[in-house]
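# Coordinates in review
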Amino acid sequence: MGKIFKFYKDVDTDQIIASQYLLYPTIEEMKGHTFESLNADFAGEVKEGDFVVADENFGCGSSREQAPSVLKALGVKAVIAKSFARIFYRNSINIGLPVIVCKTLPDEVEEGDDMELNLKEGVITCNGKEYECTKLPDKMQEILDMGGLIASLNK
Amino acid sequence: MGQTLVEKIIGNNVNKTVKPGDIVTVDVDWCMVDDIMVPFAVSKFEEMGFDKVFDPDKLVLIYDHFLPATQVDDSRHFRVGDEFAKKYGVKNVHRTEGICHQLMTEAGYVKPGQIAFGTDSHTVTYGCVGAFATGIGYTEMAGILGTGQLWLKVPETIKVVINGKLPGNVSSKDVILRIIGDLTSSGATYASLEFSGDTIDDMSIASRMTMSNMAVEAGAKCGLFAPDEKTCQYCNIEYTDDIKNLRSDEDAEFARVMTYRAENFVPVLACPSLVDNIHPVSEMAGKKVDQVFLGSCTNGRLEDLQTAAKILKGKHVKEYLKFIVTPASRKIYRQALADGTLEILSDAGAIITTPGCGLCCGRAGGILSDGEVVVATNNRNFLGRMGTSKVEIYLASPATAAATALTGFITEA
C-alpha cells in the first residue's frame with residue numbers, strides 16, 4: 001500500500017529534475033530536488049512504496065535518465081500515467097522502475113489516496129476499485145523482471 | 001506493399017524487410033555522448049564490466065552543455081571524458097567546436113541511411129540527412145558502447161506533405177511549430193515523422209535541421225527527410241542509386257498523412273509553457289520583452305544569423321533589452337565573422353557568445369528571473385527551462401526574434 005502523488009499532463013523531465021542539478025555526481029545528491037518547480041515538498045514527503053500518478057505524456061522532453069532515477073531513489077514504487085514519452089519509458093525500464101499505462105485511474109484518484117499495485121498480475125487497487133494496466137512488450141518485461149538493463153546484460 | 005523511409009533504413013541495417021511494430025536489434029553506426037552524460041555513461045559502462053568500446057571510431061564525445069564551465073564541478077565532466085577517451089582509444093572528441101547536434105553532421109559523421117543514437121533527446125536532428133537517429137539514456141548508451149547493438153521497435157510513420165512557396169517572413173521554424181501545435185506534444189509519440197513536398201525540397205539543409213531537431217517536441221522517435229542532391233553535397237558524398245532509393249514508396253502505408261499549403265503558414269510563437277501552445281505572432285504583438293535569444297541546435301546556423309543581420313543592419317536593439325546570439329558551431333561562428341554578419345549583429349548591440357548549449361538548457365549565459373519575458377529561437381519553453389519557473393519563454397523564428405529585439409515588444413518580421 002502506498003500513497004498517490006498526482007501530476008497533470010505533459011510533465012517534462014525538466015520538471016522532474018532540472019538541468020542545474022545534473023552536475024551533481026550522484027543520484028542521491030540530486031533526488032532532493034525532484035519535482036522542485038511543481039511541488040517543492042515532494043522529495044521530503046514521498047515515502048518508500050508511494051506512487052506517482054499522471055495524465056498523458058509523462059516524462060516528455062530531454063533524454064535524461066536522471067529523471068526516472070531520482071524517482072526510484074526516493075522510493076517511488078511505480079509511475080502510473082495515461083501515456084508516457086518514449087525515452088522516459090525506455091529509461092525507466094532500463095533502471096528497473098515500473099511504468100504503467102492506465103487510461104482510467106488518473107482521472108478517478110486524488111492526491112493522497114492509498115493504492116496497491118500487483119505488478120505481476122498488472123492490477124491496481126484503489127478506493128475499492130480494481131484497475132487493469134496495459135502489459136509491457138515481452139522484451140521490456142524481461143529487462144524489468146531482471147531488475148534493469150545492467151542485470152539483464154550481465155545474466 | 002511499399003515501404004516507408006524509416007522501414008527502409010532499419011531494414012537495410014538488419015538485412016530483412018521490417019514492418020511497424022517489429023522489434024529488431026540493429027548494429028549502431030554512430031554513438032554520441034555529450035558532456036552532461038559522460039560521467040554517468042562511463043560509470044554504467046564500467047559497472048557492466050566491459051573492457052573495450054565495440055568500435056572506438058564510432059563514438060563521438062562532444063563537450064557543449066557545460067562549455068565554458070560555469071560551476072566549479074563542470075570541468076569534472078570534461079576530465080572524465082578525456083580519461084575515458086584516452087583509456088579506450090576514442091579519437092573523436094570535440095572539446096570546444098560547438099553543439100553536438102550541429103557537429104554530428106557538420107563534422108562529417110552521420111550520413112544518409114545510417115543509424116545513430118545519442119544521450120540527448122535532440123539527437124533526432126540527424127534525420128535532416130535521412131539518418132535514423134534518436135535519443136536514449138546513459139545506461140542504454142553504455143550497453144551500446146560495449147555491444148555495438150540496440151533493440152528497437154520499428155515505428156509507424158506520420159507523413160507531413162507541404163507544397164508551395166512560404167511567405168517571406170515565414171521560416172522552417174514557423175512551419176515545425178505549427179505542425180507540433182497541430183499534432184500536440186504527444187501526437188507523434190513512438191512514430192517516425194517524415195517531411196516531404198516541394199516546399200521541403202526547396203529548403204536548405206540548415207532549415208531542414210530546424211524541423212528534424214524539433215520532431216521530438218511532438219514525441220516523435222525520429223524526424224526524417226529523404227536525402228536528395230543537396231543532402232549529398234552537404235555530406236560530401238555521391239548521390240548514388242542506393243541513396244536515391246532512401247525515400248518512402250508511393251504505396252507505403254502511413255499511420256497519418258498531414259497536408260499543408262505553404263502559402264497558409266504565418267509567423268508563430270510557442271507560448272508558455274508548452275511547445276504545442278502555438279499562436280500567431282500577430283496575436284501576441286506588443287508584449288514587452290526583456291531578452292531575445294538567437295542560437296541553439298535549433299536555430300544557430302549561418303542562415304539564421306544572416307536573417308537577423310538583415311533585419312538589424314544599421315539599427316540598434318532596444319536599450320533595455322539583452323540580445324544574446326550563440327552560433328551553433330565554431331565553423332558557423334567563423335563563417336559569420338568572415339561575411340560580416342557578426343559585425344552587423346555586434347553593432348546592433350548583440351552579446352555574442354561562444355558556441356554551446358548554456359542558455360537553452362538554463363545553465364549559463366543569460367539566465368532569467370521572476371517576471372521576465374524572453375523570445376528565444378531554441379526548442380523548449382518548459383517551465384523553468386531558462387531561469388526561474390516564473391519566466392515566460394516564447395519560442396520563435398530568427399526573423400521574429402530579430403524584429404522583437406529591435407522594438408522591445410513581440411513583433412512580426
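This text goes with the structure placed above it.
Model, not experiment: these values are computed from the prediction. (Residues numbered from 1 in each chain as written. Chains lettered and ligands numbered in written order. Predicted model: local features only at pLDDT ≥ 70, side-chain atom pairs only at ≥ 80, totals over all residues. Heavy atoms only, no water.)

Further remarks concern the environment of B:I352. Residue and element names in this part refer to chain B. Here I352 lies in strand β16 (residues 351–352). Among the residues examined, I352 registers a relative accessible area of 25% and is labelled partly exposed. Taking the C-alpha atoms as reference points, I352 and P327, 25 residues apart in sequence, are found 8.2 Å from one another. When near neighbours in sequence (up to four residues on either side) are disregarded, I352 contacts V325, Y333, L342, L345 and S346. (Helix = DSSP H or I, 4+ residues; strand = E, 2+ residues; numbered from the N terminus. Buried < 20%, exposed > 50% of the residue type's maximum accessible area, 1.4 Å probe, protein only. Contact = heavy atoms within 4.5 Å.)

Opposite the 39 residues of chain A that make contact, chain B presents 42 residues. Roughly 3300 Å² of surface becomes buried between chain A and chain B when both sides are summed, with 57% attributable to carbon and sulfur atoms. The tally of links between chain A and chain B comes to 2 salt bridges. A salt bridge links B:E140 to A:R90; the nearest nitrogen and oxygen atoms lie 2.9 Å apart. Joining chain A to chain B, the criterion identifies 16 residue pairs in polar contact (both at pLDDT 80 or more). Looking at the side of chain A that touches chain B, the elements that each hand over two or more residues are α1 (13–16), α2 (27–30), α4 (66–73), α5 (86–95), α7 (138–145) and α8 (149–153) of chain A. Broken down by element, the side of chain A that touches chain B gets its largest block of residues, 7 residues, from α5(A). (Buried area = accessible area lost by both parts, 1.4 Å probe. Salt bridge = Lys/Arg side-chain N within 4 Å of Asp/Glu carboxyl O. Polar contact = N/O pair within 3.5 Å; in protein donor to acceptor, adjacent residues only side chain to side chain.)

Turning our eyes to something else, we now look at the sheet that holds strand β9 (residues 192–196) of chain B. Residue and element names in this part refer to chain B. Reading across the sheet, the 4 strands line up as β10-β9-β8-β11 and stay open at both edges, with parallel pairing between neighbours. Looking at the sheet topology across the chains shown, the edges are occupied by β10 (222–225) and β11 (256–261). Averaged over neighbouring strand pairs, the angle between their axes works out to 20° when direction is ignored. Pairing geometry for strand β8 (residues 157–163) and β9, over 5 bridges, is parallel. Residue V161 lies in a different strand from β9, and its bridge partner there is S196. Strands β8, β9 and β10 of the sheet are contacted by helix α1 (residues 5–14), whose axis makes an angle of about 100° with β10. Lying on the sheet, helix α8 (residues 205–214) is in contact with β8, β9 and β10; it crosses β10 at an angle near 155°. (Pairing = 2+ DSSP bridges. Axes fitted to C-alpha atoms, helices over the stretch in contact; angles between N-to-C directions.)

Next up on the list: the pattern of salt bridges. All names here are of chain B. Scanning the entire structure with this criterion turns up 20 salt bridges over all chains. In this structure, D182 and R178 form a salt bridge, with 3.4 Å as the shortest nitrogen-oxygen distance. Of this pair, D182 and R178 are both found in helix α6 (residues 172–183), 4 residues apart, which corresponds to roughly one turn of the helix. The class for R178 is partly exposed, based on a relative accessible area of 27%.

Moving on, we come to the layout of surface pockets. Residue and element names in this part refer to chain B. Estimated volume of the largest pocket: approximately 560 Å³. Taken together, 25 residues form the lining of the largest pocket, with G168, V170, S171, S172 and S207 sitting closest to its centre. Top contributing element to the lining of the largest pocket by residue count: helix α13 (residues 302–312), with 6 residues. A class-by-class count of the residues in the lining of the largest pocket yields 8 nonpolar, 12 polar and 5 charged. Composition of the lining of the largest pocket by domain shows at least three residues from each of domain 2 (157–264) and domain 3 (269–407). (1 Å grid on protein atoms, 1.4 Å probe; cavity = no way out; pocket = protein on both sides within 12 Å on 5 of 7 lines; lining within 4 Å. Points joined across faces, edges and corners; volume = space filled by probe spheres on them. Nonpolar A, V, L, I, M, F, W, Y, C, P; charged D, E, K, R; others polar. Domains from an automatic or database assignment.)

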